[in-house]
Amino acid sequence: MNIPAAITLSCLSLGFGGTAAYFALGPGPEAAAAGPATTAPSRDGTSDRLDAIERSIEELGREIASQTVPAAARVANDAIDDERLAAAIAAYFEQNAEVAPAETEDAAADPLGFETAEEALALLDTLSVEDSQAIWKRLIELGLDEEVLALAQAAAEAAPHDPEAQLALGNAYIGRLQQSSGAETGKFATLADKAFDAALAADPEHWEARFTKAVSLSFWPPIFGKQNQAISQFETLVQQQAGATPSSEHAQTHLMLGNMYQQTGQLDKAIAAWNAGLELFPDDEGLRSQLTLAQSGR
């Protein structure tokens, strides 16, 4: 291995591609006459340290170049010189350990870190549908989206009476739906709705499954007539909540029910739904805002 190649590989292995490129090309005559190239100093002093490396290696290169070495012995001497260069660079970074580690640590801290479809599915189970969009985008780019959906479907089929497994499948379809368009959107929306139905068949009182089903129905284009189905699901949920311990998330049911009434031209019912919600959750800003806007526009 020649000297420029050794420097290139050593610097690349430490993450300094720019420095490696400089030495691989070698300084031109003008640069040699003017002295070492300078770099605008950075706030953390990294450029100063890189300049120091450049000067040290350049001096070492000139020293080696000045030696008269017979061609037959040059291969052996190249190996020795490569070792000296690698040792010099390693020693420098050992003494200045703060130069590179921060960059490599930042690169390794991948919030979307997964390597297999199984790992991605496990990660999705810990995220909301909204937060999962970055994962689905990455899955589609990697061509793993169909495999993840197949794994979720297999888990649901293996536990037909487990509402959580059915809900997870429905959420997977919704996550994939949000990265689709055209006919694919309708396909995944239909599959999600069937999965939510399976969850509710296993547990008719499952709040999240019914709420998610109702919300997904509310986003269908009006031409499909899903709005009335969404209203029916929200009305059922309001009834079920009346017999359960109040929870802050229950306010969303009243909010969404009122919104659906408003969208279908039933403003009086919408106002009644928001008022009913405020009686139970007087601090909910969403309910209060919707009610204020509706009453001011009458």
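In what follows, the structure referred to is the one given above.
Participant: Break down the environment of Gln-266 for me, with residues and values.
Facilitator: Here Gln-266 shows up in the loop between α14 (250-263) and α15 (267-280). A relative accessible area of 25% means that Gln-266 is categorised as partly exposed. Excluding its chain neighbours within four sequence positions, the residues that come into contact with Gln-266 are Ile-231 and Tyr-261.

Participant: With reference to specific residues and values, describe the packing of helix α11 (residues 183-202) against helix α12 (residues 207-218).
Facilitator: Running from N to C, α11 and α12 point in directions that differ by 155°, and their axes come no closer than 9 Å. As summarised for this structure, α11 and α12 are arranged roughly antiparallel, according to the angle between their axes. The chirality of how α11 crosses α12 is left-handed. Residues Asp-193, Phe-196, Asp-197, Ala-199 and Leu-200 of α11 lie in contact with α12, whose contacting residues are Ala-209, Arg-210, Thr-212, Lys-213, Ser-216 and Leu-217. Looking at the contact of α11 with α12 residue by residue, the classes come out as five nonpolar, two polar and four charged.

Participant: I'd like a description of the pattern of salt bridges, backed by residues and values.
Facilitator: Applying the stated criterion to the full structure yields four salt bridges. Lys-213 is the partner of Asp-193 in a salt bridge, and the nearest nitrogen-oxygen pair spans 2.6 Å. Pair noted here: Asp-193 is in helix α11 and Lys-213 is in helix α12, with a separation of 20 residues, a long-range link. Residues Asp-193 and Lys-213 agree in their burial class; the two are buried. Two residues, Asp-197 and Lys-213, come together in a salt bridge whose shortest N-O distance is 2.9 Å. With Asp-197 in helix α11 and Lys-213 in helix α12, this pair connects stretches of sequence that are 16 residues apart. A cluster of three or more residues bridged by salt bridges with shared partners is formed by Asp-145, Arg-176 and Glu-184.

Participant: Which residues make up the side chain of Thr-212, and what values go with them?
Facilitator: Position of Thr-212 among the secondary structure elements: in helix α12. Not counting chain neighbours up to four residues away, the residues in contact with Thr-212 comprise Leu-167, Asn-171 and Phe-196.

Participant: An account of the packing of aromatic side chains is requested, with residue identities and associated values reported.
Facilitator: Scanning the model with the defined rule gives four aromatic pairs in all. Between Trp-207 and Phe-211, the aromatic rings sit 4.7 Å apart at their centres with planes inclined by 10°, giving stacked as the arrangement. Of this pair, Trp-207 and Phe-211 both sit in helix α12, four residues apart, roughly one helical turn. Residue class for Trp-207 comes out buried when judged on its relative accessible area of 18%. What makes Phe-211 buried here is its relative accessible area of 16%. Through successive ring pairs, a cluster of aromatic residues spans Trp-207, Phe-211 and Phe-234. Lying across the ring of Trp-220, Lys-226 places its NZ or CZ 4.9 Å from the centre.

Participant: If you had to explain the side chain of His-254 to someone new, which residues and values would you point to?
Facilitator: Along the chain, His-254 turns up in helix α14. Every residue in contact with His-254, bar those within four places of it in the chain, is listed here: Val-238, Gln-241, Ala-273, Trp-274, Ala-276, Gly-277, Leu-280, Phe-281 and Leu-287.

Procedures and definitions
Residues numbered from 1 in each chain as written. Predicted model: local features only at pLDDT ≥ 70, side-chain atom pairs only at ≥ 80, totals over all residues. Heavy atoms only, no water. Helix = DSSP H or I, 4+ residues; strand = E, 2+ residues; numbered from the N terminus. Buried < 20%, exposed > 50% of the residue type's maximum accessible area, 1.4 Å probe, protein only. Contact = heavy atoms within 4.5 Å. Axes fitted to C-alpha atoms, helices over the stretch in contact; angles between N-to-C directions. Parallel < 35°, antiparallel > 145°, perpendicular 65-115°, else oblique. Left-handed = near helix turned anticlockwise from the far one by under 90°. Nonpolar A, V, L, I, M, F, W, Y, C, P; charged D, E, K, R; others polar. Salt bridge = Lys/Arg side-chain N within 4 Å of Asp/Glu carboxyl O. Phe/Tyr/Trp six-rings, centres within 6.5 Å; stacked < 30°, edge-to-face > 60°. Lys NZ or Arg CZ within 6 Å of the ring centre and 35° of its normal.

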